[in-house]
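A structural walkthrough
Listed here are the chains, written in short residue letters.
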Amino acid sequence: MTILRGSVLVVSALAKSFGGVQAVREASFAVEAGQLVAMIGPNGAGKTTCFNMVNGQLRPDSGSVRIGGVEVVGRAPRQIWRLGVGRTFQITATFASMTVRENVQMALLSYHHRLASWWLRAAHLYREEAHALLARVGMADQAERPCSVLAYGDLKRVELAMALANAPQLLLMDEPTAGMAPAERIELMALTADIVRERRIAALFTEHDMDVVFAHADRIVVLNRGSVIAEGVPDEVRANAQVRQVYLGSRH
Amino acid sequence: MSSLVIQFLNGLAGASTLFLVAVGLSLIFGVTRIVNFAHGSFYMLGIYVAYSIISRAGAGGGLGPAGFWGGILVAAMVVGALGALIEILLLRRIYHAPEMFQLLATFGIVLVIKDYVLWAWGPEDLLGPRAPGLGGSVEILGRPFPEYDLALVFIGPLVLGLLWLLLNRTRWGTLVRAATQDREMAGALGVNQKWLFTAVFALGSALAGLGGALQIPREPAQLFLDMGVIADAFVVVVVGGMGSIPGAALAAFIIGEIKAYCVGIGQVGFLGYSVSLSKLTLVAEFIVMAIVLVMRPWGLLGRQQGAQRIAAGARERPAAGRAMQIAVLAVAGALAVMPFVAQPYTIVLLIDILVYALFAASLQFLMGPAGLVSFGHAAYFGLGAYGAALLVKKAGLPMEFALAGGPLAAALGAVVFGWFCVRLSGVYLAMLTLAFAQIAWSIVYQWDQFTGGSNGLVGVWPAPWLASKTAFYYLAFTLCGCGIWLLRRIVYSPYGCALRAGRDSPLRCDAIGIDLARLQWAAFVLVGTFAGLAGAIYAFSKGSISPETLGIPLSVDALVMVLLGGIHTASGPVVGAAVLTWLQDTVVRNTDYWRALLGAIIIALVLVFPQGIAGFARRRWARSEAA
Ligand SMILES: Nc1ncnc2c1ncn2[C@@H]1O[C@H](COP(=O)(O)OP(=O)(O)OP(=O)(O)O)[C@@H](O)[C@H]1O
Ligand SMILES: [Mg+2]
């Protein structure tokens, strides 16, 4: 495997165990700017755990995570976010008491260091920027709805808009299309791929729908029981015997 | 050497008592997830019931051991039965309500029981008989030690052993343990949850009653036992880890011993000062709790609890509608002309209402938008009151400076307390705020030379230009009005929105760069300042203050005001403060039993209006507008 110097995210020999469970073992991979990399693997393979270590929510037992050349192991998520890392969650985490627009405004306010203000009205700040981000993910018409009433697929879009608020160099998306109909999945991933390319973002996503993965990913990292068992362009991965074993073997 | 041993034994006797009180609370929390404020009341009832039974048993002549110990057991069973009754009639209906409401409902029970005890046994202290055969003392290493205390040293471990057998060697115990570990799973196993909860609640209450009844030979039955005991029990349970019985035992042992040694050692010299350790006993357990919670947020042997539901899903909006604006202006206008139309007595009452409205608004800011429940909000009120009073009395500053200095003192308190509190969440956070309030109270209560101790401070009068009630009313109206308005304004500022964001999803906050702990710390300081301002105004309006301004009852009053008005409604705390203050004033003048009435109101409120009066009105309003 070649890791280019210019990679935005470089993960090497990352490991984490919970009690006796070795969730991630010595995983290494990299993501370059403008590239959409899929991380796939069966349930419990350790994908979310990897994400959590990259954005600082979990501290790895060992290994290194470099983002834009900076070692981030040991930093808090909010410090890593300041380096330009956007994140969406497998189980969506949005502010339920706020509208869609207010959710995105929160991320923008944080990005522009405006949270210490006790006087201004938050609703009047960064409205247009929030609107532009929502328009980009196809949520402009729902901007004034409370987040608590949205369909799950729309929540995922709100999360994407929030993740883009800090003009990230790295985007982490944990199952961005979960809860969507097949047509909507393809459409959202196409949209994401466009954004990633136009803004030269390095994007890492997990996905269980292989149609989505093979249609849009530039590279694929395959995780099984915490280990990276294959890594490469879609055709290489498709041809990999071990991957076929993991994905097909258990079913046949 | 021998004194060390005696103190150790004293500590064990104290630990036994603490364990008996706390273990029932922990057991109940473990299974039902209810933090039972009324646990101290069950303890108190235990003493009173045992007193009645034992004095009746001994009426015909000498009291035999069977009469004494039998009486204690019967008292425990009576209290257990009462616990079962309360569980069936009230708690069953609110297991799915947010924790805050459950707590409040159990506090309603506290008030009702207190007035029942007052009605049934009267206000005098009742001293029970000595235990037959254990009235003397034994010689240990040449020093006398009370026989009954020695018995207590054995009773604690005995009860612990019996509980262990019950929980580990019976089928029922297996069910209780399963439910403690995983409620859903226990439900799936076909456990009849309803009756399991009732039984656990009855057992826990009976243990509290037993703990109380066993104190008969040691202390008189008194009306204020409930609050003192519940504070002790909370500390033990939180230090040990909520739901953990071995944890309760360990914590009781540690706290019992520390207290005993504090009493035993007495005065110590420290950097040239002489510090009285025996005075520290009141505070010692709270200091232990603060240290343990910071190092191990789930207690010594506790496990992490799931996310806490305060009252999620609320949607704060600026009071935009024209009707609302007109209503606010109308109220403000009416208040402004009051001195021209109202009786002097009404003006005094209105000053109280304004002060409490600001106090409640500051708590509402913390509980609603910030989602941080405080059980010790009176700490800031009291610090503000004492800060202002001391600046006038001891530093000789003019009243105007003291009025600014009081809130500053409260803010400083909030800087310290808040730093610890933001490390915790949910019930543990609430308990820690309670602990800090209790520490502040103990210090003020015991520091006679400086704070006037239990007598408080008198002669705290405003400056001459504010001497008339009318002038002071306008001062209170202006300051409280501005304070409430400012708090409302902050809710919709970026800072206020960030706090709400933290309440909704700490995970997302962290992922968009929001340093939640720091914002929440600032929130404590902010509301502490406003509560302190309310306290300072209060001090000058009354001319005297007492430790009650930092007491648990005042903290609870604030909670009731907020919940009465509605936790997520801007006008809520103002409505709540007005209703509660007016109600107390009216009821207190007409009956001795206003607490029972307040308790009944709280219980009814929790059952009928979980969104509070203003919240209820707003929902009705929204519905009629939509129609
Ligand atoms: N906080 C935790 N405590 C204990 N074990 C955990 C924890 N988080 C994850 N695990 C375990 O680590 C392993 C990897 O989990 P992870 O969530 O990373 O898998 P995943 O690949 O994201 O799965 P899925 O496709 O279901 O989302 C699993 O065996 C899981 O049970
Ligand atoms: Mg996952």
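Every value quoted in this text rests on a predicted model; they were computed, and no experiment measured them.

**What about the overall build of chain A?**
Counting its secondary structure elements, chain A contains nine helices and 10 strands. Against the compact-globule benchmark of 18 Å for 252 residues, chain A has a radius of gyration of 18 Å, which places it among compact chains. Its C-alpha atoms give chain A principal-axis dimensions of roughly 60 × 40 × 35 Å. For chain A, buried positions account for 54% of its 252 residues. Partitioning the contacts of chain A with sequence separation of at least 6, the portion at a separation of at least 24 is 65%. One finds the centroid of the 27 positive side-chain charges in chain A at a distance of 6 Å from the centroid of its 24 negative side-chain charges.

**Observations regarding the side chain of Q215 of chain B**
Residue and element names in this part refer to chain B. Its place among the elements puts Q215 in the loop between helix 8 (193–213) and helix 9 (225–240). Using a relative accessible area of 4% as the deciding quantity, one classes Q215 as buried. Each residue touching Q215, except ones within four places of it in the same chain, is listed here: T17, Y43, I47 and L152.

**Thoughts on the domain arrangement of chain B**
All names here are of chain B. Each domain of chain B was delimited in the assignment, giving domain 1 (2–295) and domain 2 (322–626). Between domain 1 and domain 2, the residue contacts involve 34 residues of the former and 35 residues of the latter. In total, about 3,400 Å² of surface goes out of reach between domain 1 and domain 2, with carbon and sulfur atoms giving 85% of it. For the domain 1 face of the interface with domain 2, the top three residues by lost area are M100, F101 and L104, together amounting to 18%. Viewed at the interface, domain 2 and domain 1 are joined by one salt bridge. For R595, the salt bridge is made with D115, and the minimal N-O distance between the two is 2.8 Å. In this assembly, domain 1 and domain 2 are joined by two residue pairs in polar contact (both at pLDDT 80 or more). The set of elements that each furnish at least two residues to the side of domain 1 that touches domain 2 consists of helix 4 (99–121), helix 9 and helix 11 (277–295). When residues in the side of domain 1 that touches domain 2 are grouped by element, the largest group, 15 residues, is from helix 4. Here the residues of the side of domain 1 that touches domain 2 sort into 27 nonpolar, two polar and five charged.

**Some remarks on the packing of helix 5 (residues 147–169) of chain B against helix 8 of chain B**
All names here are of chain B. Running from N to C, helix 5 and helix 8 point in directions that differ by 170°, and their axes come no closer than 13 Å. As the angle between them shows, helix 5 and helix 8 are arranged roughly antiparallel. Taken together, the residues of helix 8 that come into contact with helix 5 (itself represented by V159, L163 and L166) are L203, L207 and L210. Here the residues of the contact of helix 5 with helix 8 are counted per class, giving six nonpolar, no polar and no charged.

**Things to note about the site of ligand 1**
All names here are of chain A. Among the 13 residues in the neighbourhood of ligand 1, the closest are listed as N43, K47, T48, T49 and Q90. At 2.8 Å, a backbone N or O of G44 approaches an oxygen atom of ligand 1. Between an oxygen atom of ligand 1 and a main-chain N or O atom of G46, the distance comes to 2.9 Å. Protein contact buries 61% of the 630 Å² of open area that ligand 1 shows by itself. For the shell around ligand 1, the secondary structure elements donating two or more residues are strand 2 (21–31) and helix 1 (47–54). Counting residues per element, the shell around ligand 1 draws most heavily on helix 1, which supplies three residues. Residues of the shell around ligand 1, tallied by class, amount to four nonpolar, seven polar and two charged.

**A look at the sheet that holds strand 2 of chain A**
Residues and elements named next belong to chain A. The four strands lie next to each other as 2-1-4-5, forming an open sheet whose pairing is antiparallel. Each having just a single partner strand, strand 2 and strand 5 (70–71) make up the two edges of the open sheet. Where strand 4 (residues 62–67) lies against strand 5, two bridges are found, and the strand directions are antiparallel. Its bridge partner being in strand 5, R66 is matched across the sheet by E71. Along the sheet face, helix 1 touches strand 1 (9–18), strand 2 and strand 4 and points at about 115° away from the line of strand 1.

**Focus on the sheet that holds strand 10 (residues 227–232) of chain A**
One key point about sheets: their strands pair by backbone hydrogen bonds, in either a parallel or an antiparallel sense. Residues and elements named next belong to chain A. As summarised here, the arrangement of the six strands in space is 6-7-8-3-9-10, forming an open sheet in which the pairing is mixed. Since the sheet does not close on itself, it has two edges, and those belong to strand 6 (85–88) and strand 10, each with one partner. Along the sheet, successive strands turn relative to each other by an average axial angle of 15°, direction set aside. As paired elements, strand 3 (residues 36–40) and strand 9 (residues 219–224) share four bridges and run parallel to each other. Residue M39 lies in a different strand from strand 9, and its bridge partner there is V221. Strand contacts of helix 1: strand 3, strand 6, strand 7 (170–174), strand 8 (202–206) and strand 9, with the helix running at about 150° to strand 7, the strand carrying the most contacts.

**What to know about the pairing of strand 4 of chain A**
Two faces make up the sheet, and in a regular strand the side chains alternate between them. Residues and elements named next belong to chain A. One ladder, built from five bridges, connects strand 1 with strand 4; its direction is antiparallel. Bridge assignment links L9 to a residue of strand 4, and that residue is I67. The hairpin turn running from strand 4 into strand 5, its antiparallel successor, is two residues long, and G68 in that turn takes a positive phi close to 55°.

**A word on the coordination of the magnesium ion (ligand 2)**
Of the protein atoms, only T48 of chain A (OG1) and Q90 of chain A (OE1) coordinate the magnesium ion (ligand 2), at distances of 1.9 to 2.1 Å. Pair noted here: T48 of chain A is in helix 1 and Q90 of chain A is in the loop between strand 6 and helix 3 (100–111), with a separation of 42 residues, a long-range link.

**Remarks on the pairing of strand 3 of chain A**
Residues and elements named next belong to chain A. Where burial is concerned, most of strand 3 is hidden: five out of the five residues are buried. Side-chain alternation along strand 3 places L36, A38 and I40 on one buried face and V37 and M39 on a second face that is also buried. Judged from the four bridges that link them, strand 3 and strand 8 form a sheet pairing that is parallel. Paired with V37 across the two strands is L204, which belongs to strand 8.

**Structural notes on helix 18 (residues 469–491) of chain B**
Residue and element names in this part refer to chain B. Along its 23 residues, helix 18 runs 33 Å from first to last C-alpha, staying within 8% of the 33 Å computed at 1.5 Å per residue. Of the positions making up helix 18, those classed as buried are F472, Y473, L475, A476, F477, C480, G483, I484, L487, R488, I490 and V491. Those residues of helix 18 that are buried are in contact with helix 12 (322–341), helix 13 (344–367), helix 15 (399–421), helix 19 (494–504), helix 21 (516–542) and helix 23 (572–590).

**Some points on a nonpolar patch on the surface**
Taken together, the side chains of L73, V74, M77 and V78 of chain B define a hydrophobic patch exposed on the protein surface, amounting to about 360 Å² of accessible area. Its place among the elements puts L73 of chain B in helix 3 (residues 65–89).

**Structural notes on unusual backbone geometry**
Most peptide bonds take the trans form, and the phi angle of most residues other than glycine is negative. With a phi angle near 50°, A13 of chain A is a residue other than glycine that sits in the positive phi range. You can see A13 of chain A is positioned in strand 1. Here the phi dihedral of R33 of chain B falls at roughly 65°; this positive angle occurs in a residue that is not glycine.

**Observations regarding the pattern of salt bridges**
All names here are of chain A. One pass over the full model with this rule turns up 24 salt bridges over all chains. The shortest N-O distance in the salt bridge between R185 and D209 comes to 3.4 Å. Of this pair, R185 sits in helix 6 (residues 182–198) while D209 sits in the loop between strand 8 and helix 7 (210–216), and the two are 24 residues apart along the sequence. A relative accessible area of 19% means that R185 is categorised as buried. Across the pair E231 and R219 runs a salt bridge, and its minimum N-O distance is 3.3 Å. Residue E231 is found in strand 10, and its partner R219 is found in strand 9; the two are separated by 12 residues along the sequence.

**Concerning the packing of aromatic side chains**
Residue and element names in this part refer to chain B. Taken as a whole and assessed by the stated rule, the structure comprises 27 aromatic pairs over all chains. Residues Y356 and F381 carry aromatic rings whose centres are separated by 6.2 Å and whose planes lie at 20° to one another, so their mutual orientation is stacked. In this pair, Y356 sits in helix 13 while F381 sits in helix 14 (residues 378–393), placing the two residues 25 residues apart along the sequence. Residue classification places Y356 among the buried residues on the basis of a relative accessible area of 14%.

Parameters at a glance
Residues numbered from 1 in each chain as written. Chains lettered and ligands numbered in written order. Predicted model: local features only at pLDDT ≥ 70, side-chain atom pairs only at ≥ 80, totals over all residues. Heavy atoms only, no water. Helix = DSSP H or I, 4+ residues; strand = E, 2+ residues; numbered from the N terminus. Rg over C-alpha atoms; globule rule 2.2 N^0.38 Å. Buried < 20%, exposed > 50% of the residue type's maximum accessible area, 1.4 Å probe, protein only. Contact = heavy atoms within 4.5 Å. Lys, Arg positive; Asp, Glu negative; His and termini not counted. Charge placed at Lys NZ, Arg CZ, Asp CG, Glu CD. Domains from an automatic or database assignment. Buried area = accessible area lost by both parts, 1.4 Å probe. Salt bridge = Lys/Arg side-chain N within 4 Å of Asp/Glu carboxyl O. Polar contact = N/O pair within 3.5 Å; in protein donor to acceptor, adjacent residues only side chain to side chain. Nonpolar A, V, L, I, M, F, W, Y, C, P; charged D, E, K, R; others polar. Axes fitted to C-alpha atoms, helices over the stretch in contact; angles between N-to-C directions. Parallel < 35°, antiparallel > 145°, perpendicular 65-115°, else oblique. Near = heavy atom within 4 Å. Areas by Shrake-Rupley, 256 points an atom, 1.4 Å probe, with all protein chains shown as cover. Pairing = 2+ DSSP bridges. Donors = N, O, S within 2.8 Å, 3.2 Å for Na, K, Ca; no water. Expected span 1.5 Å × (residues − 1). Patch = residues over 30% accessible without salt bridge, like charges linked within 9 Å, V, L, I, M, F, W, Y side chains within 5 Å. Phe/Tyr/Trp six-rings, centres within 6.5 Å; stacked < 30°, edge-to-face > 60°.

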